[in-house]
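Take a look at the letters that make up each chain.
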Amino acid sequence: MVRLVIVSVPECGDLQAGTDAAGRQAERRLFVFEIGEYVVCGNKGVCVVEDVTKLNISDVDKEREYYILKPLYMAGSTVYVPVDSSEKSMRRVLKRDEAQELIKGIPDIPLLVITNEKLSEQMYRECIKTNDCQELIKIIKTIYMRKQKRIQAGRKVTAVDAKYFHMAEDSLYGELAVALEMPKDEVESYITREMNRE
């Protein structure tokens, strides 16, 4: 089954004026992301930019250009993101050195402060939406500590904590796998080894 997802966010222009061979002002489209580049796109995680094209789909502006993205960890999915608003919904995957610095900094990343248990899911959701690796680490660290406390008290982990722990790990490890050029299922043990070196 093939799934089609069109990501739409508020528009922002990315046209730049240039001069053509005859000296006239010409519009030239700047593409923020290159074909073949790895990007993080919302809850779709790491994607590869497969193409830039106009879509021939009903109810879609036929003149608007879209990035065609293939999620690495969602087989059969395709994501279409408008080129003119991509900077609000996409970002480049961390570089190797950035990923290594992030891992070294994990001990210094603070836990989330949850003062109202009923608002924990909302807080987790907001962190996930940022697509920021440090926010994902905050979720993982916070839920890990909450899990340990609950186990010590003889209680199970809440369904909300289990759900967002998995989502945060999945997103973070997916990106780090690409940045560090390793299989996704080896990222957790890599982080543990690096943390033990310190």
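The rules behind these values
- Counting restarts for each chain: residues are numbered from 1 in the order of the written sequence.
- The predicted origin of the model limits local features to residues at a pLDDT of at least 70 and limits the giving and counting of side-chain atom pairs to 80 or more, whereas totals for whole chains, interfaces and linings rest on all residues.
- Think of the side-chain values as coming from all heavy atoms in the structure, minus any hydrogens and water.
- Only DSSP runs of H or I covering at least 4 residues are called helices, and only runs of E covering at least 2 are called strands; the numbering of each starts at the N terminus.
- Any carboxyl oxygen of Asp or Glu that lies within 4 Å of a side-chain nitrogen of Lys or Arg is treated as forming a salt bridge with it.
- Each residue gets one of three labels from its accessible area relative to the maximum for its type: buried under 20%, exposed over 50%, partly exposed in between, using a 1.4 Å probe on protein chains only.
- The criterion for an aromatic pair is that two Phe, Tyr or Trp rings (for Trp, the six-membered ring) have centres within 6.5 Å, with stacked assigned to planes under 30 degrees apart, edge-to-face to planes over 60 apart and tilted to the rest.
- Distance and chemistry together define a polar contact, namely a pair of N or O atoms within 3.5 Å, with one atom able to donate a hydrogen and the other to accept it when in protein, and with adjacent residues in sequence counting only for side-chain atoms on both sides.
- Buried Ala, Val, Leu, Ile, Met, Phe, Trp, Tyr and Cys residues that are joined via side-chain atoms within 4.5 Å together make up what is termed a nonpolar core.
- A contact between two residues is defined here by any heavy atoms of the two lying within 4.5 Å.
- Angles run from 0 to 180 degrees between N-to-C directions of axes, and those axes are lines fitted to C-alpha atoms, restricted for helices to the stretch in contact.
- An angle below 35 degrees is read as roughly parallel, one above 145 as roughly antiparallel, one from 65 to 115 as roughly perpendicular, and any other as oblique.
- Working rule for handedness: look at the near helix, and if it is turned counterclockwise from the far one by less than a right angle, call the crossing left-handed; if clockwise, right-handed.
- Classification convention: Asp, Glu, Lys, Arg as charged; Ala, Val, Leu, Ile, Met, Phe, Trp, Tyr, Cys, Pro as nonpolar; all other residues, Gly among them, as polar.

### Observations concerning unusual backbone geometry
Working step 1: A positive phi angle is found at Asn131, which is not glycine, with a value near 55°.
Working step 2: Assignment of secondary structure puts Asn131 in the loop between helix H2 (120-130) and helix H3 (133-152).

### Here's the deal with the pattern of salt bridges
Working step 1: Applying the stated rule across the entire model yields 12 salt bridges.
Working step 2: Here Glu37 ties to Arg92 by a salt bridge, and the two come within 2.5 Å at their closest N and O atoms. Of this pair, Glu37 sits in the loop between strand E3 (25-29) and strand E4 (38-41) while Arg92 sits in strand E8 (residues 90-92), and the two are 55 residues apart along the sequence.
Working step 3: Of the residues examined, Glu37 reaches a relative accessible area of 17% and is grouped as buried.
Working step 4: A salt bridge links Lys104 to Glu101, with the nearest nitrogen and oxygen atoms 3.8 Å apart. Here Glu101 and Lys104 lie together in helix H1 (residues 96-104), a separation of 3 residues that amounts to about one turn.
Working step 5: When salt bridges with common partners are traced through the structure, they connect Glu117, Arg146 and Asp161 into a single cluster.

### Describing the packing of aromatic side chains
Working step 1: Summed over the entire model, instances satisfying the criterion amount to 2 aromatic pairs.
Working step 2: Measuring from centroid to centroid gives 5.7 Å for Phe33 and Tyr67, while their planes differ by 70°, and the two rings are edge-to-face. Separated by 34 residues along the polypeptide, Phe33 in the loop between E3 and E4 and Tyr67 in strand E6 (residues 65-71) bring together distant segments of the chain.
Working step 3: By relative accessible area, Phe33 is classed as buried at 3%.
Working step 4: With a centroid separation of 5.6 Å and 40° between ring planes, the pair formed by Tyr124 and Tyr164 is classed as tilted. Of this pair, Tyr124 sits in helix H2 while Tyr164 sits in helix H4 (residues 159-180), and the two are 40 residues apart along the sequence.
Working step 5: Classification of Tyr164 as buried rests on a relative accessible area of 3%.

### Digging into the environment of Lys62
Working step 1: Within the element layout of this structure, Lys62 appears in the loop between strand E5 (46-54) and E6.
Working step 2: When its relative accessible area of 37% is taken as the criterion, Lys62 is described as partly exposed.
Working step 3: A distance of 2.8 Å separates a polar atom in the side chain of Lys62 from the backbone oxygen of Ile57.

### As for the nonpolar core
Working step 1: Judged by nonpolar contacts, the single largest core of 33 residues is most densely connected at Leu102, Ile139, Leu172 and Leu176.
Working step 2: Every element with two or more residues in this core is listed here: H1, H2, H3, H4 and helix H5 (187-197).
Working step 3: It is H4 that provides the largest number of residues to this core, a total of 10 residues.
Working step 4: Every residue in contact with Leu176, bar those within four places of it in the chain, is listed here: Leu94, Ala99, Leu102, Ile103, Glu181, Val187 and Ile191.

### Quick notes on the packing of H1 against H4
Working step 1: For the pair H1 and H4, the least separation of the axes is 8 Å and the interaxial angle reads 130°. By the angle class used here, H1 and H4 are oblique. For the element pair H1 and H4, the recorded crossing hand is left-handed. For the pair H1 and H4, the contacting residues are Arg96, Ala99, Gln100, Leu102 and Ile103 in the first and Leu172, Leu176, Ala179 and Leu180 in the second.
Working step 2: Tallied by class, the residues present in the contact of H1 with H4 amount to 7 nonpolar, 1 polar and 1 charged.

Take it as geometry only, folks, not as evidence of what the structure does.
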